[in-house]
Amino acid sequence: MKILVAVKRVVDFNVRVRVKADGSGVDLANVKMSMNPFDEIAVEEALRLREAGRATEVVAVSIGPAQAQETIRTALAMGADRGILVRAEGTVEPLAVAKLLRAIAVAEAPQLVILGKQAIDDDSNQTGQMLAALLGWPQGTFASKVEPDGDSVKVTREVDGGLQTIRLSLPAVVTTDLRLNTPRYASLPNIMKAKKKPLDEKTAADYGVDIAPRLTVLKTSDPPPRKGGVMVGSVAELVAKLKTEAGVL
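Structure report, in brief. Everything numeric here is computed off the predicted structure, so don't read it as measured data.

1. Structural notes on the environment of Ile41
Okay, step 1: Relative to the assigned elements, Ile41 resides in helix α1 (residues 37–51).
Okay, step 2: The spatial distance from the C-alpha of Ile41 to the C-alpha of Gly116 is 7.1 Å, given a sequence separation of 75 residues.

Right, here's the structure in full:
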């Protein structure tokens with residue numbers, strides 16, 4: 001079984017994001033970038049399936065600028081077999097990403113596509129669902145457990161009411177949640193080996209996909225600062241403030 005894993009280059013989750021002074025977007029100058037944490041979980045799950053003998057090849061795919069090679073190399077250092085980079089500058093919207101991944105899936109013919117449930121930069125949570133719809137494949141979103149079984153895969157997913165277990169016929173699309181696994185660290189020898197693993201570069205035109213944006217961001221702004229808390233001396237005072245200031249009661 002071949003597994004296709006989508007990985008995205010995003011601002012590192014430890015970095016405090018700064019908004020540009022003109023409100024046109026997020027300031028990315030001299031900002032540390034890394035792989036989207038949910039995509040790290042996707043890579044780890046694909047590697048575990050291969051190590052368990054359920055998969056034969058793991059292909060890491062990223063869509064973005066030339067620097068996204070670093071993200072793919074990280075996946076290769078973790079253990080992926082090869083990578084594909086689709087060069088694209090600027091913002092690529094979820095629908096365009098889904099169309100490109102569909103084209104790659106048609107060309108690569110994987111039995112399973114795994115990707116993070118969302119990216120921490122835009123939190124769209126759309127690409128996996130759009131990809132499944134475009135391919136006409138079954139999907140298992142917010143997966144906390146993935147168990148291949150012959151020509152199907154059993155996915156335990158997190159829903160509002162708890163856990164839901166579904167069985168998908170292969171090929172299928174799975175998006176990962178936080179509790180699926182804990183990603184491994186790439187060892188130094190594997191980091192060196194990753195430099196020699198194959199990484200193909202493509203463009204959107206190679207797949208015949210139009211990635212022109214359909215949406216316009218009017219303004220980006222910081223969330224309003226959180227007001228300080230107030231200490232109260234009694235339950236009666238708390239109730240009074242809830243009535244007069246918060247308007248809760």
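2. As for the sheet that holds strand β5 (residues 82–87)
Okay, step 1: Reading across the sheet, the nine strands line up as β9-β8-β7-β10-β6-β1-β4-β5-β11 and stay open at both edges, with mixed pairing between neighbours. Looking at the sheet topology across the chains shown, the edges are occupied by β9 (162–169) and β11 (199–203). For this sheet the average axis-to-axis angle between neighbouring strands, irrespective of direction, equals 30°.
Okay, step 2: Pairing geometry for strand β1 (residues 2–6) and strand β6 (residues 112–116), over four bridges, is parallel. Residue Ala6 lies in a different strand from β6, and its bridge partner there is Leu115.

3. A word on the pairing of strand β10 (residues 172–176)
Okay, step 1: Counting buried residues in β10 gives five out of five residues, a clear majority hidden from the surface.
Okay, step 2: Side chains of β10 alternate between two faces, with Ala172, Val174 and Thr176 and Val173 and Thr175 buried alike.
Okay, step 3: Relative to β10, β6 is paired through five bridges, and the arrangement is parallel. Across the sheet, residue Val113 finds its bridge partner in β10, namely Val173.

4. Describing helix α4 (residues 127–135)
An α-helix turns once every 3.6 residues. As a result, residues three or four positions apart point the same way.
Okay, step 1: All buried positions along α4 are accounted for by Thr127, Gly128, Leu131, Ala132 and Leu135. Projected onto a plane normal to the axis of α4, the buried residues spread over an arc of 130° and lie on a single side.
Okay, step 2: As for α4, its buried residues are in contact with α3 (94–108), β6, β7 (139–149) and β10.
Okay, step 3: Gly136 occupies a position one or two residues after α4 and carries a positive phi of about 75°.

The rules we used
- Residues numbered from 1 in each chain as written.
- Predicted model: local features only at pLDDT ≥ 70, side-chain atom pairs only at ≥ 80, totals over all residues.
- Heavy atoms only, no water.
- Helix = DSSP H or I, 4+ residues; strand = E, 2+ residues; numbered from the N terminus.
- Pairing = 2+ DSSP bridges.
- Axes fitted to C-alpha atoms, helices over the stretch in contact; angles between N-to-C directions.
- Buried < 20%, exposed > 50% of the residue type's maximum accessible area, 1.4 Å probe, protein only.
- Arc of directions from axis to C-beta.
- Contact = heavy atoms within 4.5 Å.

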